[in-house]
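Listed here are the chains, written in short residue letters.
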Amino acid sequence: MADTIADTRRLYTKPQNLNDAYGPPSNFLEIDVSNPQTIGVGRGKYTTYEVRLKTNLPIFKLKESSVRRRYSDFEWLRAELERESKVVVPPLPGKALIRQLPFRGGDGIFEDSFIEERRQGLEQFLNKVAGHPLAQNERCLHMFLQDESVDKNYTPSKVRQA
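Residues numbered from 1 in each chain as written. Predicted model: local features only at pLDDT ≥ 70, side-chain atom pairs only at ≥ 80, totals over all residues. Heavy atoms only, no water.

(A) Looking closely at the sheet that holds strand β1 (residues 29–39). One open sheet accounts for 3 strands, arranged β1-β2-β3; its pairing is antiparallel. The open sheet has two edge strands with one neighbour each: β1 and β3 (64–70). Strand-to-strand, the axes of this sheet are offset by a mean angle of 20 degrees, without reference to chain direction. Bridge count for β1 against strand β2 (residues 46–55) is 9 bridges, and the pairing is antiparallel. Note that in β2 the partner of Val33 across the bridge is Val51. On the sheet, helix α3 (residues 112–130) packs against β1 and β2 and is oriented at approximately 150 degrees with respect to β1. (Pairing = 2+ DSSP bridges. Helix = DSSP H or I, 4+ residues; strand = E, 2+ residues; numbered from the N terminus. Axes fitted to C-alpha atoms, helices over the stretch in contact; angles between N-to-C directions. Contact = heavy atoms within 4.5 Å.)

(B) Just the nonpolar core, in detail. Core analysis: the biggest nonpolar cluster contains 32 residues, and Val51, Phe74, Leu77, Phe125, Leu126 and Leu145 have the highest contact counts within it. Counting only elements with at least two residues in this core, the list comes to β1, β2, α2 (71–84), α3 and α4 (139–146). No other element matches the 6 residues that α3 contributes to this core. Residues within four places of Phe74 in sequence aside, it is in contact with Val33, Val51, Arg69, Leu92, Leu122, Phe125, Leu126 and Phe144. (Core = buried A, V, L, I, M, F, W, Y, C linked by side-chain atoms within 4.5 Å. Buried < 20%, exposed > 50% of the residue type's maximum accessible area, 1.4 Å probe, protein only.)

(C) Examining the pairing of β3 more closely. The alternating pattern of β3 places Ser65, Val67 and Arg69 on a buried face, while none of Glu64, Ser66, Arg68 and Arg70, on the opposite face, is buried. The pairing of β2 with β3 spans 7 bridges and is classified as antiparallel. Its bridge partner lying in β3, Glu50 is registered against Arg68.

(D) A look at the pattern of salt bridges. Tallying each qualifying case throughout the model produces 10 salt bridges. Between Lys158 and Glu138 there is a salt bridge whose closest N-O contact spans 2.3 Å. Of this pair, Lys158 sits in the segment after α4 while Glu138 sits in the loop between α3 and α4, and the two are 20 residues apart along the sequence. Here Glu138 falls in the buried class, since its relative accessible area comes to 4%. Through salt bridges that share partners, Asp32, Glu50 and Arg52 make up one connected network. (Salt bridge = Lys/Arg side-chain N within 4 Å of Asp/Glu carboxyl O.)

(E) Spatial organisation of unusual backbone geometry. Look at Asn35: it is not a glycine, yet its phi comes out positive at around 50 degrees. Looking at the secondary structure, you find Asn35 in strand β1.

(F) Inspection of the packing of α2 against α3 at higher detail. The contact between α2 and α3 brings their axes to 12 Å, and the two run at 30 degrees. If you check the angle between α2 and α3, you find them roughly parallel. In the packing of α2 onto α3, the handedness of the crossing is left-handed. Contacts between α2 and α3 pair Tyr71, Phe74, Leu77, Arg78 and Leu81 from the former with Arg118, Leu122, Phe125, Leu126 and Val129 from the latter. Here the contact of α2 with α3 is built from residues that sort into 8 nonpolar, no polar and 2 charged. (Parallel < 35°, antiparallel > 145°, perpendicular 65-115°, else oblique. Left-handed = near helix turned anticlockwise from the far one by under 90°. Nonpolar A, V, L, I, M, F, W, Y, C, P; charged D, E, K, R; others polar.)

(G) Molecular detail of the side chain of Glu80. Along the chain, Glu80 falls in helix α2. For Glu80, a relative accessible area of 7% gives the class buried. Once residues within four sequence positions are removed from consideration, Glu80 is found in contact with Ser85, Cys140, Tyr154 and Pro156.

(H) Structural detail: the side chain of Thr47. Within the secondary structure, Thr47 sits in strand β2. Looking at Thr47, the relative accessible area reads 9%, which means it is buried. If near-sequence neighbours (up to four positions away) are discounted, Thr47 is found in contact with Pro36, Gln37, Thr38, Arg69, Arg70, Tyr71, Phe110 and Ile115.

Laid out in structure tokens, this is it:
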């Protein structure tokens, strides 16, 4: 058997300048879920979250957007992605059914600690989903991130790059 010697020469790389090191990244996608607001009273009470997007990816029509979404909108997005895409969709933070019991006492799902925990989970969920190249082609994701309201009667389709 012939002896083989591994090639240990380094690939030639272009020297990095200050603009490369500290300039804007070539491709970026930042999604923040923030500013929770609880709306309504009694059984009509719910919490909305601000979903902010900043990107330079050409697949997104808007480079910056900000919309408000409630937990049920996140559930809709997850169900649509599971139904329409070939992406393994991560779970959402739980429904917290025990916190909704009327005799439990306290604010239940409207406690600040629960809302913050849920906000972090929703942000992780969105960043995982939106970071996936196949999910980025789904119209439901674009509608969720960039349209003022979610049209739950939309026709599922793929987004074409501009």
